[in-house]
Amino acid sequence: MLIPKSLRTYCPHCNKHTNHSVSIYKTAPKRRALSQGQRRAERRRRGHGNKGRYSKKPITQIKTHAKTTKKGVLTLKCSECGKTHHRSLGQRIKKLELKR
């Protein structure tokens, strides 16, 4: 799906329609495995469940994933106030790119 590089759309900060520059929202990289919060979560999780020793493997080891696509999200930056907000495209798309 091709998206124009600029859109004239509503800005919730200016409370009016202005030109916005468009970029594609990228998710942040995963946090490192040994961060303090991750260690705390692992410690709380320890001791529960059967770890797959006596029956089928636990679901975390199978790593099932049904969806093959993600819903596109745009980051819109207002040309007047410079604030950004997000807009979800609503449908699932395989490829999202900006027009040249």
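From a predicted model like this one, the values you see are computed outputs, not experimental measurements. (Residues numbered from 1 in each chain as written. Predicted model: local features only at pLDDT ≥ 70, side-chain atom pairs only at ≥ 80, totals over all residues. Heavy atoms only, no water.)

Structural notes on the nonpolar core
Of all hydrophobic cores here, the largest spans seven residues; its members are Ile3, Val22, Leu74, Leu76, Leu89, Ile93 and Leu96. Elements represented by at least two residues in this core include exactly β4 (70-78) and β5 (84-93). (Core = buried A, V, L, I, M, F, W, Y, C linked by side-chain atoms within 4.5 Å. Buried < 20%, exposed > 50% of the residue type's maximum accessible area, 1.4 Å probe, protein only. Helix = DSSP H or I, 4+ residues; strand = E, 2+ residues; numbered from the N terminus.)

Considerations on the pairing of β5
Direction of pairing for β4 relative to β5: antiparallel, over a ladder of seven bridges. Among the inter-strand pairings, valine 73 is bridged to a residue of β5, identified as serine 88. Between β4 and β5, which pair antiparallel in sequence order, lie five residues; one of them, glycine 82, sits at a positive phi of approximately 80°. (Pairing = 2+ DSSP bridges.)

Digging into the sheet that holds β5
In spatial order, the strands read β2-β3-β4-β5; together these four strands make up an open sheet with antiparallel pairing. Two strands bound the open sheet, and with one partner strand each, they are β2 (6-11) and β5. Strand-to-strand twist across the sheet, computed as the mean angle between neighbouring axes with direction ignored, equals 45°. One ladder, built from five bridges, connects strand β3 (residues 16-24) with β4; its direction is antiparallel. Looking at the pairing, valine 22 lines up with leucine 76 of β4. (Axes fitted to C-alpha atoms, helices over the stretch in contact; angles between N-to-C directions.)

Structural notes on the pattern of salt bridges
The tally for this structure, following the rule as stated, stands at two salt bridges. Of the charged contacts in the structure, one is a salt bridge between lysine 16 and glutamate 80, with a shortest N-O distance of 3.4 Å. With lysine 16 in strand β3 and glutamate 80 in the loop between β4 and β5, the pair connects residues that are 64 residues apart, well separated along the chain. By relative accessible area, lysine 16 is classed as partly exposed at 40%. Where lysine 95 meets glutamate 97, a salt bridge forms, and the shortest distance between an N and an O atom there is 3.7 Å. Among the residues examined, lysine 95 registers a relative accessible area of 57% and is labelled exposed. (Salt bridge = Lys/Arg side-chain N within 4 Å of Asp/Glu carboxyl O.)

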